[in-house]
2 protein chains.
Amino acid sequence: MKKFIRLLIGSGENCADIRYITGISTPDDFIFFEYRDRQCAVLSPLEIDRGRAAAKAGVETVCDIDFGGRSRIAIITRIAEECRCKDFVVPADFPFGLAEKMRAAGFSVTAEENTFFPQREFKTPAEADAVTAAQRAAEAGLARAVDILRKSTVSGNFIHYNGNVLTSEFLRAEIDSEILHHNMLPAGTICASGAQGAQPHNAGSGPLKANSPIVMDIFPRSPETGYWGDLTRTVVKGKALPIVRKAYDAVLEAREYTKKLIKPGMYGAAIHCAAEAILEKHHFYTGSNEQGQFGFFHGLGHGVGLEIHEMPRLSPKARTALKGGEVVTVEPGLYYPEWGGIRLEDLVYLSPEGKTVCLTQAPDFLEL
Amino acid sequence: MKKFIRLLIGSGENCADIRYITGISTPDDFIFFEYRDRQCAVLSPLEIDRGRAAAKAGVETVCDIDFGGRSRIAIITRIAEECRCKDFVVPADFPFGLAEKMRAAGFSVTAEENTFFPQREFKTPAEADAVTAAQRAAEAGLARAVDILRKSTVSGNFIHYNGNVLTSEFLRAEIDSEILHHNMLPAGTICASGAQGAQPHNAGSGPLKANSPIVMDIFPRSPETGYWGDLTRTVVKGKALPIVRKAYDAVLEAREYTKKLIKPGMYGAAIHCAAEAILEKHHFYTGSNEQGQFGFFHGLGHGVGLEIHEMPRLSPKARTALKGGEVVTVEPGLYYPEWGGIRLEDLVYLSPEGKTVCLTQAPDFLEL
């Protein structure tokens, strides 16, 4: 069988593959290669000491100044010389400009058609524990928000806390501060009410609405392990409209039902469709009009690990079956600009043995 | 002149180029193209409503389902049809796998050799204001840390605050919480003392050392504008060793001297070398031994904008001259595992008219 050098370039902080295989987290890009039994990270003088300490067992670390120099193509040339091989396989997201330079230097470069480390999709119990640790911080952030909302008062359409109008920005900062004190990093926490909550990726801004659903989507990352958590709850401060209560019940039913479908052999698309069916059973339909999309218009879930969105997907296009080892979100949602959004998201671990464990411990309730 | 379609793919959050040109910030990747006078972002149904609202004047937004479908290659094929052009120019970091698919589909793909939007290096006053706003949050975070350190007491090698041993983790969480309440996002804040402070990228962990330099490097980002701030101060709680005081004075002199060199026509390498010369004048030498690197072994500074590290560099290899419009850090540092690290970092804006403005307003002192 022909031997290729498998080559990666990325920062430990932004490239999940390089962090997965090396265990090294850096703000700047570095090069990693794998050839036969050799796995080696090429680090700058600035990173070499920390990288050496953090590297996983079996991963060699070398300093670029002793390994071809500081330019990428010089390092790659040195790698080719040491391996006596000119054929490289790189991930699909490898930088095109560098691949072109490698070809110009006489190397062959092929993009890996599949994920670079397919085993990343299947988590060991230790990896699931790392996700769970981040999830605990998300839950602490949510608990802080709930505490603030409980201590708040409603006045007209506004919520008052400590004498001030409660805003998305303030509630988000409080959630995120709680996460930081759990030694996790918050990232893009959503606190959105009213029409903002009807846009699933709108982080929310301005005064939060009373008597209206507040979507809180919280996804912290461990700076130490790199693994993410992911949690969404939706609450109403004050009194929910009947349609909001109905939507909440439908979304909760869809979540609880589809969580039970997370089993080896189940197809992601089938699990997604089950959620759609339950929402439609409750007369919540999906479509679009001049105002934009409404209903349930995102995938039911996604894998969570060293990336916040990774394989597998639970979506209409997910044509592979679960095998065991996946950590996935289950997050049905309903969005209508007239009254806002409801999303309820749990994290589920399907163990390598096929046992399903819910990694989320947050309570479910609508009004407070 | 031959016409090319300029093509980008990335998320607004992680791809500075696509955010710069479109003004759109998304967690997921989207496609942007530019052909003759047309600039167009192709967004998923999940992002189209927010994207349309956020798009810069002159940037068209279309929904992928109305524009070739959900697959990247289908969208790109549609772009080629609409432009009646099969020749694409992409940035060097464009995903290699997609470029290969484009070639297989009959398109020509060329990597841009320079930065994709060279004008990103030169900030308008409005962009400098956006950096300054993030910098104000960094300064507020620093002020919070200084307040905690002032209220702390020294006991042996430890620092006590509110009855607890003060740790890197706690101080970082307090800095970051302050940043969050200024509606900015903290990212990788460093609070490192002792030998950890001698590793420039070590974020710090465990108890902070009394009578020893504590490096605090704070770089928040505005979620709204995407622009970063960057600030470093180093302080000693208690009494600094004479060598630490000497190093602090040398680094401060190097920073203040080199800030004055930020002028149109000055070379980044020359400014860096001036800092080196000042540190050596004070008998602080750079090198490496079995413990690793010591002295001043990183670049003096880097551009700051929609990326925390961007062009131009102030480093030995920076062979281009400043022109006007750059925002750069000036951050000399000294690192010795025996006693730790000192880094003092200001941000400087060289206006398009060639006027130098220091964007940092934090005080300079060593002991507290």
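Each value, and the rule that gives it
Sequence order sets the numbering: in each chain, residues are counted from 1 along the sequence as written. Each chain is given a letter, starting from A, and each ligand a number, starting from 1, according to the order in which they appear as written. Reporting of local features is limited, given that this is a predicted model, to residues whose pLDDT is at least 70; pairs of side-chain atoms are given and counted only at 80 or more, and all residues count toward the totals for whole chains, interfaces and linings. Only heavy atoms go into the side-chain values, all of them from the structure, while hydrogens and water stay out. Helix numbers and strand numbers start at the N terminus; a helix is a DSSP run of H or I with at least 4 residues, a strand a run of E with at least 2. Think of a polar contact as two N or O atoms within 3.5 Å of one another; within protein, one of them needs to be a possible hydrogen donor and the other a possible acceptor, and neighboring residues in sequence only count if both atoms come from side chains. Should any heavy atoms of two residues lie within 4.5 Å, those residues are counted as being in contact. With axes taken as lines fitted to C-alpha atoms, and helix axes fitted only over the stretch in contact, angles between N-to-C directions fall between 0 and 180 degrees. Comment on the angle field: the value is read as roughly parallel under 35 degrees, roughly antiparallel over 145, roughly perpendicular from 65 to 115, and oblique elsewhere. Left-handed describes a crossing whose near helix is turned anticlockwise from the far helix through less than a right angle; right-handed describes the clockwise counterpart. To form a nonpolar core, buried Ala, Val, Leu, Ile, Met, Phe, Trp, Tyr and Cys residues must be joined to one another through side-chain atoms within 4.5 Å. Only protein chains enter the accessibility calculation, which uses a 1.4 Å probe; a residue is then buried when its area is under 20% of its type maximum, exposed when over 50%, and partly exposed in between. Each copy is superposed on the other by least squares, with the fit set by C-alpha atoms of residues at a pLDDT of at least 70 in both.

### Some points on the side chain of S152 of chain B
Residue and element names in this part refer to chain B.
Next, step 1: Summarising the element assignment, S152 is placed in the loop between helix 5 (125-151) and strand 7 (153-155).
Next, step 2: Looking at S152, its side chain comes within polar contact range of the main-chain oxygen of I148, at 2.6 Å.
Next, step 3: Other than its neighbours up to four places away in sequence, S152 contacts I159, H160, Y161, L166 and K237.

### Regarding the packing of helix 3 (residues 72-83) of chain B against helix 4 (residues 96-104) of chain B
All names here are of chain B.
Next, step 1: In contact at an axis separation of 11 Å, helix 3 and helix 4 are set at 55 degrees when each is read in the N-to-C sense. If you check the angle between helix 3 and helix 4, you find them oblique. The chirality of how helix 3 crosses helix 4 is right-handed. Contacts from R72, I73 and I76 in helix 3 reach L98, K101 and M102 in helix 4.

### Quick look at the nonpolar core
Next, step 1: Among the nonpolar cores identified, the biggest contains 52 residues, and L7 and I79 of chain A together with L7 and I79 of chain B are the most heavily contacted of them.
Next, step 2: Once residues within four sequence positions are removed from consideration, I79 of chain B is found in contact with I5, L7, I31, F33, F67 and F88 of chain B.

### Describing unusual backbone geometry
Next, step 1: In this structure, P312 of chain A follows M311 of chain A across a cis peptide bond, with omega equal to -5 degrees.
Next, step 2: Secondary-structure assignment places P312 of chain A in strand 16 (residues 310-314).
Next, step 3: Not every positive phi belongs to a glycine, and N211 of chain B is a case in point at roughly 60 degrees.
Next, step 4: Structurally, N211 of chain B is set in the loop between helix 7 (194-197) and strand 11 (213-218).
Next, step 5: On the basis of relative accessibility, which here comes to 31%, the residue N211 of chain B falls in the partly exposed class.

### Examining the relation of the copies chain A and chain B
Next, step 1: Between chain A and chain B, the superposition needs a rotation of 180 degrees and an axial shift of 0.0 Å, giving an RMSD of 0.0 Å. Each copy turns onto its partner about a two-fold axis.
Next, step 2: With an isologous cut-off of 70% or more, the 100% of interface residues of chain A that recur at the interface of chain B puts this contact in the isologous class.

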